[in-house]
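Report on the structure
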Amino acid sequence: MKTPLFLLAALALTACADSRLPALARRQIGVTVDYDPAYVRLAYPGGDVPQDRGVCTDVVIRALRLLHFDLQKEVHEDMKRNFSRYPKRWGLKHPDKNIDHRRVPNLQTFFKRKGWSLPISQNPADYKPGDLVTCTVAGSLPHIMIVSDRKGSDGTPLIIHNIGAGAVEEDCLFTFPLTGHYRPALKR
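Each chain carries its own residue numbering, running from 1 in the direction its sequence is written. A pLDDT threshold of at least 70 governs which residues receive local features in this predicted model, and a stricter bar of 80 or more applies before side-chain atom pairs are shown or counted, although totals over entire chains, interfaces and linings include all residues. Only hydrogens and water are set aside; all other atoms, that is, all heavy atoms of the structure, feed into the side-chain values.

**Examining the pairing of strand E6 (residues 178–182)**
Only protein chains enter the accessibility calculation, which uses a 1.4 Å probe. A residue is then buried if its area is under 20% of the maximum for its type, exposed if over 50%, and partly exposed in between. We count a stretch as a helix when DSSP gives it H or I for four or more residues in a row; a strand needs E for two or more, and each element gets its number in order from the N terminus. Along E6, four of the five residues are buried, which leaves the element largely enclosed by surrounding structure. What makes two strands pair is DSSP finding at least two bridges between them. By the bridge criterion, two bridges tie strand E1 (residues 117–118) to E6 in an arrangement that is antiparallel. Of the residues in E6, the one forming a bridge with Ser117 is Tyr182. Sheet topology note: the strand E2 (residues 132–137)/E6 ladder contains four bridges and is antiparallel. Bridge pairing in E6 links Thr134 to Gly180.

**Let's talk about the nonpolar core**
Taken as a class, soluble globular proteins show a tendency for nonpolar side chains to be buried jointly. With 28 residues, the main nonpolar core has Leu71, Phe111, Leu132, Ile144 and Ile146 as its most contacted residues. Contributing elements (two or more residues each) for this core: helix H2 (20–26), helix H3 (56–65), helix H4 (71–82), helix H5 (104–114) and strand E3 (141–151). The element that contributes the greatest number of residues to this core is H3, accounting for six residues. By definition in these notes, contact holds between two residues if any of their heavy atoms fall within 4.5 Å. Once residues lying within four places of it in the same chain are set aside, the contact partners of Ile146 are Leu21, Pro22, Ala25, Val59, Val60, Ala63, Gly130, Asp131, Leu132, Leu158, Ile159 and Ile160. Counting residues in hydrophobic clusters, the runner-up holds 10 residues, among them Val133, Cys135, Val137 and Cys172. In this text, buried Ala, Val, Leu, Ile, Met, Phe, Trp, Tyr and Cys residues form a nonpolar core when linked through side-chain atoms within 4.5 Å.

**Thoughts on the packing of H4 against H5**
Angles here are taken between N-to-C directions and fall from 0 to 180 degrees, while the axes themselves are lines fitted to C-alpha atoms, restricted in helices to the stretch in contact. H5 packs onto H4 with a crossing angle of 80° between their chain directions and a minimal axis gap of 11 Å. Accordingly, the angle class assigned to the pair H4 and H5 is roughly perpendicular. On H5, the residues that touch Leu71, Glu74, Val75, Asp78, Met79 and Asn82 of H4 are Asn106, Leu107, Phe110, Phe111 and Arg113. When residues are grouped by polarity, Ala, Val, Leu, Ile, Met, Phe, Trp, Tyr, Cys and Pro land in nonpolar, Asp, Glu, Lys and Arg in charged, and all others, Gly among them, in polar. Broken down by class, the residue content of the contact of H4 with H5 amounts to six nonpolar, two polar and three charged. An angle below 35 degrees is read as roughly parallel, one above 145 as roughly antiparallel, one from 65 to 115 as roughly perpendicular, and any other as oblique.

**Topic: the packing of aromatic side chains**
In summary, the pairing rule links any two rings of Phe, Tyr or Trp, Trp by its six-membered ring, whose centres are within 6.5 Å, and it sorts them by plane angle into stacked for under 30 degrees, edge-to-face for over 60 and tilted for everything else. Here the structure, examined in full by the defined rule, presents seven aromatic pairs. Note on Phe69 and Phe110: the rings are 6.4 Å apart at their centroids and 45° apart in plane angle, and the pair reads as tilted. Residue Phe69 is found in the loop between H3 and H4, and its partner Phe110 is found in helix H5; the two are separated by 41 residues along the sequence. Neither Phe69 nor Phe110 differs from the other in exposure class; each is buried. The interplanar angle of 50° and the centroid separation of 5.6 Å between the aromatic rings of Phe69 and Trp116 together place this pair among those described as tilted. Here Phe69 is found in the loop between H3 and H4, whereas its partner Trp116 is found in the loop between H5 and E1, with 47 residues between them in sequence. The exposure class assigned to Trp116 is buried, which follows from its relative accessible area of 2%. Through pairs of rings, three or more aromatic residues link up here, namely Phe69, Phe110, Phe111, Trp116 and Tyr182. Note on geometry: a ring has a charge over it if NZ (lysine) or CZ (arginine) is within 6 Å of the ring centre and within 35 degrees of the ring normal. Over the ring of Phe83 we find Lys88; its NZ or CZ atom is 4.3 Å from the centre of that ring.

These values are about where atoms sit, not about what they do.
Have a look at this one:
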């Protein structure tokens, strides 16, 4: 029996990372120079904090937005329809379009619901340029990073993120305990 063409196309879409994502995230290096977790009222859709600041999620949000995928809008709409499926860490009674997409646990839930989850491994070859990886820093702080198309001296992919001093690209994929591995399936 032959596999239907639409199924092959869907499998191909989820099987490869979007290799454009690292270059788009890299544009933030030297521009996003501060780590600022302040709650900010944002325009909707397409809202953003000032470009010179942000958190780890803002690196992902900005890179995906350049691919015409607005995490603010997508997460907010999914949370409106499925609020009970999202974490309850912040005592919210309803979605908040200003902050929900800037919280790593919400993004993890959203990515799983989109079918973007992949197994976590310690094999560098499993991480492709454009993959998203979550981890825990300082024992309990959720963090997100974009896998780069560049590699360290040992062949491990670099990552692009904002971990405290603005957007950077560095060799630390396996520095912190990994909690998620996601491959965005975006329309080209």
